[in-house]
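Here are the chains, one letter per residue:
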Amino acid sequence: MSIFVSFSMYFLSFVPLWITVLFIDIKSLVNGGSDKWTEIIGITGILLCLLISAIILFAKFFVTDDEKYTFTIQEVKESK
(Lines give C-alpha, C1' and ligand atoms only; values in the text may rest on other atoms or scores of the structure.)
Protein backbone atom coordinates (compact mmCIF):
# COMPACT_ATOMS: atom_id res chain seq x y z
CA MET A 1 0.00 0.00 0.00
CA SER A 2 1.40 3.39 -0.92
CA ILE A 3 2.06 6.13 1.57
CA PHE A 4 -0.74 8.26 0.07
CA VAL A 5 -3.35 5.56 0.61
CA SER A 6 -2.11 4.95 4.15
CA PHE A 7 -2.21 8.66 4.99
CA SER A 8 -5.66 9.03 3.43
CA MET A 9 -7.05 6.16 5.49
CA TYR A 10 -5.44 7.57 8.64
CA PHE A 11 -6.74 11.09 7.98
CA LEU A 12 -10.27 9.90 7.20
CA SER A 13 -10.35 7.83 10.38
CA PHE A 14 -10.61 11.12 12.27
CA VAL A 15 -13.73 12.37 10.42
CA PRO A 16 -15.74 12.85 13.66
CA LEU A 17 -12.92 15.03 15.00
CA TRP A 18 -12.76 17.07 11.79
CA ILE A 19 -16.54 17.60 11.86
CA THR A 20 -16.26 18.89 15.42
CA VAL A 21 -13.38 21.22 14.51
CA LEU A 22 -15.32 22.51 11.49
CA PHE A 23 -18.36 23.16 13.68
CA ILE A 24 -16.29 25.08 16.24
CA ASP A 25 -14.51 27.12 13.54
CA ILE A 26 -17.75 28.00 11.74
CA LYS A 27 -19.40 28.92 15.03
CA SER A 28 -16.43 31.17 15.86
CA LEU A 29 -16.73 32.87 12.47
CA VAL A 30 -20.46 33.46 12.91
CA ASN A 31 -20.05 34.83 16.44
CA GLY A 32 -17.30 37.20 15.33
CA GLY A 33 -14.20 35.57 16.76
CA SER A 34 -11.00 37.52 17.30
CA ASP A 35 -8.92 35.99 14.49
CA LYS A 36 -11.02 35.11 11.44
CA TRP A 37 -8.09 34.11 9.23
CA THR A 38 -7.16 31.23 11.52
CA GLU A 39 -10.67 29.78 11.24
CA ILE A 40 -10.78 30.30 7.47
CA ILE A 41 -7.41 28.59 7.00
CA GLY A 42 -8.47 25.71 9.29
CA ILE A 43 -11.78 25.18 7.47
CA THR A 44 -10.12 25.34 4.05
CA GLY A 45 -7.32 22.97 5.05
CA ILE A 46 -9.64 20.38 6.56
CA LEU A 47 -12.05 20.43 3.61
CA LEU A 48 -9.21 20.26 1.10
CA CYS A 49 -7.54 17.32 2.86
CA LEU A 50 -10.88 15.50 3.19
CA LEU A 51 -11.54 15.96 -0.53
CA ILE A 52 -8.06 14.84 -1.60
CA SER A 53 -8.13 11.83 0.75
CA ALA A 54 -11.56 10.76 -0.49
CA ILE A 55 -10.43 11.03 -4.13
CA ILE A 56 -7.28 8.97 -3.44
CA LEU A 57 -9.23 6.22 -1.67
CA PHE A 58 -11.97 6.20 -4.30
CA ALA A 59 -9.37 5.85 -7.04
CA LYS A 60 -7.59 3.07 -5.15
CA PHE A 61 -10.58 0.95 -4.13
CA PHE A 62 -13.29 1.56 -6.72
CA VAL A 63 -11.47 2.10 -10.02
CA THR A 64 -10.72 -1.19 -11.71
CA ASP A 65 -7.11 -1.98 -12.33
CA ASP A 66 -4.89 -5.04 -12.68
CA GLU A 67 -3.28 -4.66 -9.27
CA LYS A 68 -6.16 -6.13 -7.26
CA TYR A 69 -5.33 -9.11 -5.11
CA THR A 70 -7.53 -11.99 -4.01
CA PHE A 71 -6.82 -13.61 -0.67
CA THR A 72 -7.96 -17.09 0.29
CA ILE A 73 -8.04 -18.51 3.81
CA GLN A 74 -6.15 -21.76 3.69
CA GLU A 75 -5.86 -22.71 7.35
CA VAL A 76 -7.85 -21.75 10.42
CA LYS A 77 -6.89 -22.33 14.03
CA GLU A 78 -9.25 -21.65 16.92
CA SER A 79 -7.91 -19.28 19.51
CA LYS A 80 -9.41 -18.70 22.95
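The notes below deal with the structure included here. Just so we're clear, the structure is a prediction, and the values are computed from it rather than from any experiment.

Remarks on a nonpolar patch on the surface
- Taken together, Met9, Phe58, Phe61, Phe62 and Val63 make up a surface patch of nonpolar side chains, about 520 Å² in accessible area.
- Looking at which element gives the most residues to the nonpolar patch, the answer is helix 3 (residues 36-62), with three residues.
- Structurally, the position occupied by Phe58 is in helix 3.

Describing the environment of Ser6
- Secondary-structure assignment places Ser6 in helix 1 (residues 3-12).
- With a relative accessible area of 36%, Ser6 lands in the partly exposed category.
- Sequence separation of Ser6 and Ser53 is 47 residues, and the distance between their C-alpha atoms is 9.8 Å.

Details of the side chain of Ser8
- Locating Ser8 in the fold gives a position in helix 1.
- Setting aside residues up to four positions removed in sequence, Ser8 forms contacts with Ser53, Ile56 and Leu57.

Points about the packing of helix 2 (residues 15-30) against helix 3
- Between helix 2 and helix 3, whose axes approach to 9 Å, the crossing angle comes to 150°. With respect to helix 3, the element helix 2 is oriented roughly antiparallel. In terms of crossing hand, the pair formed by helix 2 and helix 3 is left-handed. The segment helix 2 lies against helix 3, with Val15, Trp18, Val21, Leu22, Asp25, Ile26, Ser28 and Leu29 engaging Lys36, Glu39, Ile40, Gly42, Ile43, Ile46, Leu47 and Leu50.
- Of the residues that constitute the contact of helix 2 with helix 3, the class distribution is 11 nonpolar, two polar and three charged.

About the thresholds
- Residues numbered from 1 in each chain as written.
- Predicted model: local features only at pLDDT ≥ 70, side-chain atom pairs only at ≥ 80, totals over all residues.
- Heavy atoms only, no water.
- Patch = residues over 30% accessible without salt bridge, like charges linked within 9 Å, V, L, I, M, F, W, Y side chains within 5 Å.
- Areas by Shrake-Rupley, 256 points an atom, 1.4 Å probe, with all protein chains shown as cover.
- Salt bridge = Lys/Arg side-chain N within 4 Å of Asp/Glu carboxyl O.
- Helix = DSSP H or I, 4+ residues; strand = E, 2+ residues; numbered from the N terminus.
- Buried < 20%, exposed > 50% of the residue type's maximum accessible area, 1.4 Å probe, protein only.
- Contact = heavy atoms within 4.5 Å.
- Axes fitted to C-alpha atoms, helices over the stretch in contact; angles between N-to-C directions.
- Parallel < 35°, antiparallel > 145°, perpendicular 65-115°, else oblique.
- Left-handed = near helix turned anticlockwise from the far one by under 90°.
- Nonpolar A, V, L, I, M, F, W, Y, C, P; charged D, E, K, R; others polar.

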